[in-house]
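# An overview of the molecular structure
Here is what each chain is made of, one letter per residue.
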Amino acid sequence: MNYEELLNTAEGLLQGQPSKISLLANASAFLNEVLDHMNWIGFYLYNGKSLTVGPFQGKVACAEIQMGSGVCGEAASLNKTMYVSNVLEHTNHIACDPNSRSEVVVPLMLNNALYGVLDIDSPMIARFDEELILFLEKFAKLVEKQLTITTL
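So, here's what we can say about the structure.

Rules behind the numbers
Counting restarts for each chain, with residues numbered from 1 along the sequence as it is written. Since the coordinates come from a predicted model, pLDDT governs what is reported: local features require at least 70, and pairs of side-chain atoms require 80 or more to be given and counted, while whole-chain, interface and lining totals use all residues. Based on all heavy atoms of the structure, the side-chain values leave hydrogens and waters out of the count. One bridge is not enough; two strands pair if DSSP finds at least two bridges between them. Numbering goes from the N terminus for both helices and strands, where a helix is a DSSP run of H or I of at least four residues and a strand is a run of E of at least two. For helices, the fitted axis covers only the stretch in contact; all axes are lines through C-alpha atoms, and the angles between them, taken along N-to-C directions, range from 0 to 180 degrees. Residues count as neighbours in contact if any of their non-hydrogen atoms are within 4.5 Å of one another. Residues belong to a common nonpolar core when they are buried Ala, Val, Leu, Ile, Met, Phe, Trp, Tyr or Cys residues joined through side-chain atoms within 4.5 Å. Summary of the burial criterion: residues with accessible area below 20% of their type's maximum are buried, those above 50% are exposed, and those between are partly exposed, where the area comes from a 1.4 Å probe applied to protein chains only. Whether two aromatic rings pair depends on their centres lying within 6.5 Å, for rings of Phe, Tyr and Trp, where Trp uses its six-membered ring; planes under 30 degrees apart make the pair stacked, over 60 edge-to-face, and the rest tilted.

## With respect to the sheet that holds strand β2 (residues 50-58)
- Taken in spatial order, the six strands of this open sheet run β3-β2-β1-β6-β5-β4, and their pairing is antiparallel. One side of each edge strand has no neighbouring strand; the edge strands of this open sheet are β3 (64-66) and β4 (82-84). Each adjacent strand pair in this sheet contributes to an overall mean axis angle of 25°, direction not counted.
- Packed onto the sheet, helix α2 (residues 20-34) meets β1 (40-46), β2, β5 (102-110) and β6 (113-122) and runs at close to 50° relative to β2.
- With respect to the sheet, helix α3 (residues 70-78) is in contact with β1, β2, β3, β4, β5 and β6, its orientation differing from that of β5 by roughly 35°.

Shown next as structure tokens:
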């Protein structure tokens, strides 16, 4: 898979979105379209005290995640990408979908403050390699850039 080509395509698709919600909805739909073996792709948004579910592709999700709880809450609290190759072995994992086996969470920043996280789950153990994680971090930077220029 050519991740640089996907980033170029995503940059064009994500430009000019009329609102932050449409930006995040189309960002999650894009990833869902181009990545295989995923069962949940979406965003949790920081409301000042916890993470609440935002636009996503997948099954019904946990509506709220406390900071520090689960992989999403850990990544948000630490402000760093978290990768868990086998969520069944991660004591702080929240099983919103019992079929998830690996997970990557990338924090999103807006004006130097936590905006939310990009959360991606796979039903496969060790689905995410270093190259894919790097792509997701670059993709998150594209989303952050668009969030800064989208007013609504």
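## Describing the nonpolar core
- Residues L31, F135, L136, F139 and V143 are the most contacted members of the largest nonpolar core, which totals 32 residues.
- Here this core gets nine residues from one element, more than from any other, and that element is helix α4 (residues 130-149).
- A75, V84, V87 and V117 belong to the second-largest nonpolar core, a separate cluster that totals 16 residues.

## What to know about the packing of aromatic side chains
- If you walk through the whole model with that rule in mind, you get six aromatic pairs.
- Ring geometry for Y3 versus F135: centroids 4.9 Å apart, planes at 25°, classification stacked. Pair noted here: Y3 is in helix α1 (residues 3-14) and F135 is in helix α4, with a separation of 132 residues, a long-range link. Side by side, Y3 and F135 carry an identical accessibility label, which is buried.

## Comments concerning the pairing of β1
- Of all seven residues that make up β1, six are buried, and the element is covered over most of its length.
- As defined by bridge partners, β1 adjoins β2 across six bridges and the pair is classed as antiparallel. If you follow I41 over to β2, its bridge partner there is Q57.
- Taking the residues that link successive antiparallel strands as the turn, the β1-β2 hairpin has three residues, and the phi of G48 there is positive, at about 105°.
- As judged from the six bridges shared by β1 and β6, these two strands associate in the antiparallel manner. By the bridge assignment for β6, Y44 is matched with V117.

Structural measurements only, silent on function.
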